[in-house]
Amino acid sequence: MSKKVEQVKTLIIGSGPAGYTAAIYAARADLKPVLYTGMEPGGQLTTTTEVDNFPGYPEGIDGPTMMIQLQQQAERFGTDVRIGMVTAVELSKELGGIHKVTVDNDKIIEAHTVIISTGATAKYLNIPSEQRLRGGGVSACAVCDGFFYKGQDVAIVGGGDTAAEEASYLANICNKVTMLIRKDYMRASKAMQHRVNSLPNLEVRYNTQVDEVLGEQVVEGLRMVNNQTNEKEEIAITGLFIAIGHKPNTDIFKGQIDMDETGYILTKGKSTKTNLPGVFACGDAQDKEYRQAVTAAGTGCMAALDAERYLATVESPEEVA
């Protein structure tokens, strides 16, 4: 049985701040965007209770509400938002070529432009108490959520540059920061190690891992275990930050789009252009440096503008309904 085929000007894959902002701009430019939400409509922000650092919300807003409002704004300008998962892609290498995207193994979308905004997924320890308290004191973004723990005692897990940077950030606003590193050395650069070691309220625990996060509704403490001696110790904390990396959700594009060794899509210069004409990437799928909602939204705007300019250069884009 042949699959259903639909032609569109602009297909947006992913529904976080980047995808919805791209949709707003694309719809206003009459690109008639179709957006597929993926398995996690709204992206990582739907797991965030409070967003206090996105411009325009003086009292803050919870992540799920913010994503609903972004979707409503995109739909107001004509974006066709659909629940669905992209299961295969066949991207053209030709200028003006048609990109074929399969959704839910059932339908083929033929698109003149594709905007990839599939985001990234934070890596967690995957222990039950940690997962239960996500949003109740367990976070994967100190810059996003650290403010809520100002003057309090917190812990952070990780030993790379990101962990060291976030630990330094937390040390500036928290009473005490305990940094847990499972190995006997820190992977962070020497400069970052010096910064961490110079902070009087930051304690580094080597060969130490999380045994259990304590608390029923919110984080109240942490039980640590020394992986050399098996000795366990409990400390009182109100926040636990996991900084062991992110995985971009880009596996489906491997072999067709240029990526770095981790899987982040490579874009050209200050644009959102990929190595393929008519294919653009925005948000955390291509940004491993900042990973903020506002920067993702900014690159979503850029992707829509890049797509609009691209369509203006190819023949008869108006023929696509």
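Quick note: structure is the one above.
It should be emphasised that the depicted structure is a prediction, and the values quoted were computed from it without experimental measurement.

This next bit is on the overall build of the protein chain. Helix and strand counts for the protein chain stand at 7 helices and 17 strands. Projected onto its principal axes, the C-alpha positions of the protein chain cover 65 × 40 × 40 Å. Looking at the protein chain as a whole, 52% of its 321 residues qualify as buried. Taking the contacts inside the protein chain whose residues are at least 6 apart along the sequence as the reference set, 60% of them involve residues at least 24 apart. For the protein chain, the computed accessible surface area is about 15600 Å², with 49% contributed by carbon and sulfur atoms. Within the protein chain, the 41 negative side-chain charges are centred at a point lying 4 Å from the centre of the 31 positive side-chain charges.

Next up on the list: the pattern of salt bridges. One pass over the full model with this rule turns up 15 salt bridges. Here Lys-107 and Glu-6 are joined by a salt bridge, their closest N and O atoms 2.7 Å apart. With Lys-107 in strand S6 (residues 107-116) and Glu-6 in strand S1 (residues 4-13), this pair connects stretches of sequence that are 101 residues apart. Taking the relative accessible area as the measure of exposure, Lys-107 reaches 22% and is therefore partly exposed. Each of Asp-211, Glu-212, Arg-223, Lys-232 and Glu-234 takes part in a single network of salt bridges with overlapping partners.

Attention now goes to the packing of aromatic side chains. For the structure on display, the rule yields 4 aromatic pairs. Measuring from centroid to centroid gives 6.3 Å for Phe-147 and Phe-148, while their planes differ by 75°, and the two rings are edge-to-face. Against the face of Phe-77 rests Arg-28, its NZ or CZ located 5.0 Å from the ring centre. When the ring centre of Tyr-124 is taken as origin, the NZ or CZ atom of Arg-134, which lies over that ring, is 4.0 Å away.

Once that is clear, we can look at the sheet that holds strand S9 (residues 153-157). The strand order across the open sheet built from 5 strands is S8-S15-S9-S10-S11, with neighbouring strands paired in parallel fashion. The two strands at the open ends of the sheet, each matched to only one other strand, are strand S8 (138-139) and strand S11 (202-205). As paired strands, S9 and strand S15 (residues 239-242) are joined by 4 bridges and run parallel to one another. Its bridge partner lying in S15, Val-154 is registered against Gly-239. Sheet strands in contact with helix H5 (residues 161-173) are S9, strand S10 (176-180), S11 and S15, and its direction is about 165° off that of S10.

Read across the open sheet, the 3 strands follow the order S12-S13-S14; overall the sheet is antiparallel. Lying at the two open borders of the sheet, with one neighbouring strand each, are strand S12 (208-214) and strand S14 (232-235). Across the sheet, the axes of successive neighbouring strands diverge by a mean angle of 25°, strand direction being ignored. Where strand S13 (residues 221-226) lies against S14, 4 bridges are found, and the strand directions are antiparallel. The partner of Arg-223 across the bridge, within S14, is Glu-234.

Calculation notes
Residues numbered from 1 in each chain as written. Predicted model: local features only at pLDDT ≥ 70, side-chain atom pairs only at ≥ 80, totals over all residues. Heavy atoms only, no water. Helix = DSSP H or I, 4+ residues; strand = E, 2+ residues; numbered from the N terminus. Buried < 20%, exposed > 50% of the residue type's maximum accessible area, 1.4 Å probe, protein only. Contact = heavy atoms within 4.5 Å. Areas by Shrake-Rupley, 256 points an atom, 1.4 Å probe, with all protein chains shown as cover. Lys, Arg positive; Asp, Glu negative; His and termini not counted. Charge placed at Lys NZ, Arg CZ, Asp CG, Glu CD. Salt bridge = Lys/Arg side-chain N within 4 Å of Asp/Glu carboxyl O. Phe/Tyr/Trp six-rings, centres within 6.5 Å; stacked < 30°, edge-to-face > 60°. Lys NZ or Arg CZ within 6 Å of the ring centre and 35° of its normal. Pairing = 2+ DSSP bridges. Axes fitted to C-alpha atoms, helices over the stretch in contact; angles between N-to-C directions.

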